[in-house]
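Below are the chains, spelled out letter by letter.
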Protein chains: 2
Amino acid sequence: MSELGEILSKTIERIGPRPYEQKRMSELSEKVSATVARNAINLGLQVNVKLAGSVAKNTWIRDRLEIDVFVLFDSKTDREKLEKHIIAVGRASLKQLGASFTLRYAEHPYVEGHLNHTRINIVAAYETERGRWLSAADRTPFHTDYVTSKMTDTGRNQARLLKAFLLNCGVYGAEIRIGGFSGYLCELLAINYQSFLETIKQAASWKPPIVIDIEKHYRNNDEILEKFPQHSLIVVDPIDKDRNVSAAVTQRRLAEFILASSLFLLRPSDRFFEIKQPRAPKASVLAKRMRREKRALLGLFFQNPVSRPPDVLWGELYRSLNGIEKSLAREGFGPLRAEAWTDGRACAMLFELSTGILPRSYLHRGPPVYLPNSLDFLLKHLESESTLAGPWVSDFRLHVEKKRSKVLAPEIIRASMKQGQVSLSPNLADSMTNARIKLGLEIVSECKTSAEKLSFLADFMDGRPVFLRKQR
Amino acid sequence: MSELGEILSKTIERIGPRPYEQKRMSELSEKVSATVARNAINLGLQVNVKLAGSVAKNTWIRDRLEIDVFVLFDSKTDREKLEKHIIAVGRASLKQLGASFTLRYAEHPYVEGHLNHTRINIVAAYETERGRWLSAADRTPFHTDYVTSKMTDTGRNQARLLKAFLLNCGVYGAEIRIGGFSGYLCELLAINYQSFLETIKQAASWKPPIVIDIEKHYRNNDEILEKFPQHSLIVVDPIDKDRNVSAAVTQRRLAEFILASSLFLLRPSDRFFEIKQPRAPKASVLAKRMRREKRALLGLFFQNPVSRPPDVLWGELYRSLNGIEKSLAREGFGPLRAEAWTDGRACAMLFELSTGILPRSYLHRGPPVYLPNSLDFLLKHLESESTLAGPWVSDFRLHVEKKRSKVLAPEIIRASMKQGQVSLSPNLADSMTNARIKLGLEIVSECKTSAEKLSFLADFMDGRPVFLRKQR
């Protein structure tokens, strides 16, 4: 067997479910389904209960135990009732199962429980015809049926390899925080390309935009590109031609997947399938590195004021991160990169700047000399205290060199936020405006209270995708 | 009389030649012409001697005493003989007149002498028909005739006002160093617009490109703009439709003239006609200012290795100044302005930078992940000692943050020059590469040996056209 073949077969052995786990999960999911069905009847509901997700499709990977039970309501049920019922059914079922209970929100509320290292999701959907979707969850049972009908046993292991590869490379998961590949997307790729290796080979030579239409819903790629303009990766949903299954994949995660695929083919290694969280670094080591490298890092540290679902919070964090990055660029700090972190309550943002201190002076361009307002500009700046040089003319325009009142990134970015010149998510605007804003070494002090924050800082300083990270 | 009228009439009184000067200049130019004619005959030359320039046209201004005598050779005379003869005639004539003697070079050699504060130029030209020019000087006698035929006594004073205004505003003189308006150009403007004030009013509303065709050599402006593309100011020579009299006027001087005109109309003052050279500032004052303003000034100090005519040297200085400014921009120093200075031997260049020190790190963009060479880039920078962060992907491209080996403007610009990456005039390349290159305060020390250099530095720090400068 080739080196590559050996790596893959060993990995399948390692990540695939063990026979006893298989049995336990089948039994547990049957039990959960039955409990949910019974409770629905007890509450007088006319519903169907259906197992969905990776357990139903048998594409789950070891240690990621997750049972999705869908409660399918008649399409005439009104939304408010559906929400009320799913919470009641879910709460009662989890209680009877002896599981924990958490209320979660996606497009509509659902119920999550934990039992023996297994996550249980109890989700409401409408029982509709294909294409007549009433809620975002309605497609899921169709996805489960589609994948089940297309997958062979070999195919299932190929999908598992792909999931493990993507998970380890940091591009698995459609949640906002990751912006990566969903489980369903992995399964479709495995169905389309037949094997893990073929998927990786194809991905290594993907050049965006990439188009995959397994069920040939469209006559040609041009039709698809016109339907999904500006999407870099388009995987037409086999059960819904109007939906791009990979719409949540960000450009960055797509590019990282392409890169990881190329790298794996060049240097195959089981490292790509081994999920190792490096130990949190010591604050003193990071401080030493910060001093040595003299890097211009800017950090914002603040609290999330209201508890919100992770996707909502991460959406707000990313939007605000982007707003600050743009503002830093406008002010002349030439940010190279930006990342956010949160544990749900504490939030941190890090920016790598070209410089943390602006020059004492800046160039101010005025109007062309042949416009009447040029004299106003001239007289204003001729007498101004903050004019260091000029006005002079260049390219027919007046120019002056002005003195800056503020030069440090923290004070400038705070002033911009206070003046409402930074595009921030309204929910975070206040806490961010009053954030602790730090430069360089001070950031290490801010992070040293938490191993998670220290890891975030260390990873940011490395600035590499997970699969390129050195072990600390 | 209006305030403006009073300023102008007082100025005419002050700058126009006094009656006795008028008489003295007439007599002296007659004497010079006669001496030159006699010496030509003595040497057996078949030539005509003709008085040209501002004395012949009676448009000279007080204290700028200059007599131009043209020796017109037959068009069959070969160039070498013409050059030999003009030197011989000039030398003999100046000696008999008791004047000093200097050999000068424009397109061909000419002879310059000084006598009683008066400059005497003895210049060779071919006696040709209009349009059949054999040398650059051949048009001059035609210019003299044209202006003489068009000028009234009032017109002459208007031309004088215009010359004095331009001289004081730092935009008078067609030499490379200035790149301004020639005397002939001033006279044509005065002829075209009839008066000084009308010229200034028109100039204040000039919007480039500006077209003036006094003798209507062309049917319309479009024809002229097509003939002289990219010229901002086109004044068609009345005696040569193929020549733009203002070709030597730089964009900057044109813009300064427009600005000075607007400003004069807004705030008329005899300040615009008073030529005052401010006193050289004290080195200690400049040092104090440099410290207070924390400006990032870069200075190059070197010697001109070979004596050359001013126009040649200034051409080389400006070309090299431009080369360094471009190189500084490429390297990330964001130069705002640049100026050169020379006394013919010592040379200095000053640059105002956005910063004199680059950040310790810089962003290096690599290829897109979907190109095969992206892996080479990845592996190269993954292991490199000079990689601070990355590689990461953004916009489908690989990026790394690299450590800079040099951060100071002087060492970076010297290295660029050594590697031949700066466009320098060949004659200056060696001395510039070995120049003393200084930052900030060190520049004051370099300049304090010479009042001229101190003035250059002070003027550069002010960064204003002459007419906006404060008195020190």
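Just so we're clear, the structure is a prediction, and the values are computed from it rather than from any experiment.

(A) The arrangement of the relation of the copies chain A and chain B in detail. Its rotation angle being 180°, the transformation that places chain A on chain B also includes 0.1 Å of axial translation and leaves an RMSD of 0.1 Å. Such a combination of rotation and displacement between the chain copies is what one expects of a two-fold axis. Most of the interface of chain A is mirrored in chain B, where 100% of its interface residues again form contacts.

(B) Region of the structure containing the side chain of Ser182(B). Mapped onto the secondary structure, Ser182(B) falls in the loop between helix 6 (153-168) and helix 7 (183-193). If we ignore the near neighbours within four places in the chain, the residues touching Ser182(B) are Tyr172(B), Ala174(B) and Val245(B).

(C) The interface of chain A and chain B, seen in detail. Of the residues lining the interface, 51 residues belong to chain A; the matching set on chain B comes to 51 residues. When chain A packs against chain B, close to 4400 Å² is buried across both sides, 70% of that on carbon and sulfur atoms. At the junction of chain A and chain B, the tally comes to two salt bridges. Residue Glu401(A) pairs with Arg295(B) through a salt bridge whose shortest N-O separation is 3.4 Å.

(D) Layout of the pattern of salt bridges. Residue and element names in this part refer to chain A. A complete count under the given rule lists 54 salt bridges over all chains for this structure. Between Arg253 and Glu256 there is a salt bridge, with the nearest N and O atoms lying 2.8 Å from each other. Note that Arg253 and Glu256 are positioned in helix 10 (residues 251-266) at a spacing of three residues, about one turn of the helix. Judged by relative accessible area, Arg253 falls into the buried class, the value being 14%. Across the pair Glu316 and Arg308 runs a salt bridge, and its minimum N-O distance is 2.3 Å. Pair check on accessibility: Glu316 and Arg308 agree, each one buried.

(E) Quick peek at the confidence of the model for chain A. Here chain A averages 93 in pLDDT, while 99% of its residues score no lower than 70. Across the predicted assembly, pTM comes out at 0.80 and ipTM at 0.88.

(F) Inspection of the packing of helix 8 (residues 196-204) of chain B against helix 10 (residues 251-266) of chain B at higher detail. Residues and elements named next belong to chain B. At a closest axis distance of 8 Å, the pairing of helix 8 and helix 10 adopts a crossing angle of 115°. As the angle between them shows, helix 8 and helix 10 are arranged roughly perpendicular. When the axes of helix 8 and helix 10 are compared, the crossing they make is left-handed. Residues Phe196, Leu197, Ile200, Lys201, Ala203 and Ala204 of helix 8 form the contact with helix 10, whose own contacting residues are Phe257, Ile258, Ser261, Ser262, Phe264 and Leu265. Across the contact of helix 8 with helix 10, the residue classes break down as nine nonpolar, two polar and one charged.

(G) Structural context of the nonpolar core. Core analysis: the largest hydrophobic core is formed by 61 residues, its most contacted members being Phe165(B), Phe181(B), Trp206(B), Phe257(B) and Phe273(B). Contacts of Phe273(B), omitting those with residues within four sequence positions, involve Ile7(B), Leu8(B), Thr11(B), Arg14(B), Leu161(B), Ala164(B), Phe165(B), Asn168(B), Phe196(B) and Phe264(B). Membership of the second largest hydrophobic core comes to 60 residues, among which are Leu8(A), Ile15(A), Phe181(A) and Ala260(A).

(H) Summary view of helix 8 of chain B. All names here are of chain B. Among the residues of helix 8, Phe196, Thr199, Ile200, Ala203 and Ala204 are the ones counted as buried. Taken down its axis, helix 8 places every buried residue within 130° of arc, on the same side. Residues of helix 8 that are buried make contact with helix 1 (3-15), helix 6, helix 7 and helix 10. The N-cap residue of helix 8 is Ser195: its side-chain oxygen and the backbone nitrogen of Leu197 are 3.5 Å apart.

(I) Spatial organisation of the environment of Pro208(A). Tracing the backbone through its elements, the reader meets Pro208(A) in the loop between helix 8 (196-204) and strand 6 (210-212). With 113 residues separating them along the chain, Pro208(A) and Lys95(A) place their C-alpha atoms 48 Å apart. Contact partners of Pro208(A), with chain neighbours within four places excluded, come to Ser232(A), Tyr370(B) and Phe396(B).

(J) Region of interest: the packing of aromatic side chains. In total, this model carries 30 aromatic pairs over all chains according to the counting rule given. Every member of this aromatic cluster is reached through a ring pair, and the members are Phe165(A), Phe181(A), Phe196(A), Trp206(A), Phe257(A), Phe264(A), Phe272(A) and Phe273(A). Above the plane of the ring of Trp392(B) lies Arg337(A), whose end atom (NZ or CZ) is 4.8 Å from the centre. A cation over an aromatic ring shows up here: Lys241(B) above the ring of Tyr218(B), its NZ or CZ 4.8 Å from the ring centre.

(K) Quick look at the sheet that holds strand 12 (residues 361-368) of chain A. Residue and element names in this part refer to chain A. Taken in spatial order, the three strands line up as 12-14-13 in an open sheet, and their pairing is antiparallel. Single-partner strands in this sheet number two, and they are strand 12 and strand 13 (387-394). In this sheet, adjacent strand axes meet at a mean angle of 20° when their direction is disregarded. In this structure, strand 13 lies alongside strand 14 (residues 397-403), joined through five bridges in antiparallel fashion. Bridging from a neighbouring strand, Ala389 pairs with Glu401 of strand 14.

(L) Structural context of unusual backbone geometry. Residue and element names in this part refer to chain A. For the peptide bond that leads from Gly390 to Pro391, omega is 5°, which places it in the cis range. Phi at Gln230 takes a positive value of approximately 70°, unusual for a residue other than glycine. By the element assignment, Gln230 lies in the loop between helix 9 (221-227) and strand 7 (233-237). The exposure class assigned to Gln230 is exposed, which follows from its relative accessible area of 82%.

So, how was this worked out
Residue positions are counted from 1 within each chain, in the order its sequence is given. Lettering for chains starts from A, numbering for ligands starts from 1, and both go in the order in which the items are written. For this predicted model, a pLDDT threshold of at least 70 governs which residues receive local features, and a threshold of 80 or more governs which side-chain atom pairs are given and counted, while totals over whole chains, interfaces and linings are taken from all residues. The side-chain figures draw on all heavy atoms in the structure; neither hydrogens nor water molecules are used. Copies overlap after least-squares fitting; the atoms used are the C-alpha atoms of residues with pLDDT of at least 70 in both. We call two residues in contact when some of their heavy atoms are within 4.5 Å. Helix and strand labels come from DSSP, where a helix needs a run of H or I of at least four residues and a strand needs a run of E of at least two; each type is numbered from the N terminus. Summed over both partners, the accessible area lost on bringing two parts together, with a 1.4 Å probe, is the buried area. Within this document, salt bridges are pairs made up of a side-chain nitrogen of Lys or Arg and a carboxyl oxygen of Asp or Glu, the two lying within 4 Å of each other. Partly exposed residues are those whose accessible area sits between 20% and 50% of the maximum for their type, while under 20% is buried and over 50% is exposed, using a 1.4 Å probe and protein chains only. Per-residue confidence from the predictor is reported as pLDDT, a score between 0 and 100. Fitted lines through C-alpha atoms give the axes, limited to the stretch in contact for helices. The angle between two N-to-C directions lies from 0 to 180 degrees. Oblique is the label for every angle not falling under 35 degrees (roughly parallel), over 145 degrees (roughly antiparallel), or within 65 to 115 degrees (roughly perpendicular). Throughout, a crossing is termed right-handed when the near helix is turned clockwise from the far one, and left-handed when it is turned anticlockwise from it by less than a right angle. Here the term charged refers only to Asp, Glu, Lys and Arg, the term nonpolar to Ala, Val, Leu, Ile, Met, Phe, Trp, Tyr, Cys and Pro, and the term polar to all other amino acids, Gly among them. We call a set of buried Ala, Val, Leu, Ile, Met, Phe, Trp, Tyr and Cys residues a nonpolar core when their side-chain atoms join them within 4.5 Å. This arc is taken over the directions from the axis of the helix to the C-beta atoms. Definition of a polar contact: a pair of N or O atoms within 3.5 Å, with one able to donate and the other able to accept a hydrogen when the atoms are protein atoms, and with sequence-neighbouring residues admitted only if both atoms are side-chain atoms. Any two rings among Phe, Tyr and Trp, with Trp reduced to its six-membered ring, count as a pair given centres within 6.5 Å; such a pair is stacked if its planes are under 30 degrees apart, edge-to-face if over 60, and tilted if neither. Remark: a charge is flagged as sitting over a ring if the NZ atom of Lys or the CZ atom of Arg is within 6 Å of the ring centre and within 35 degrees of the ring normal. Note on pairing: DSSP must find at least two bridges between two strands before they are called paired.

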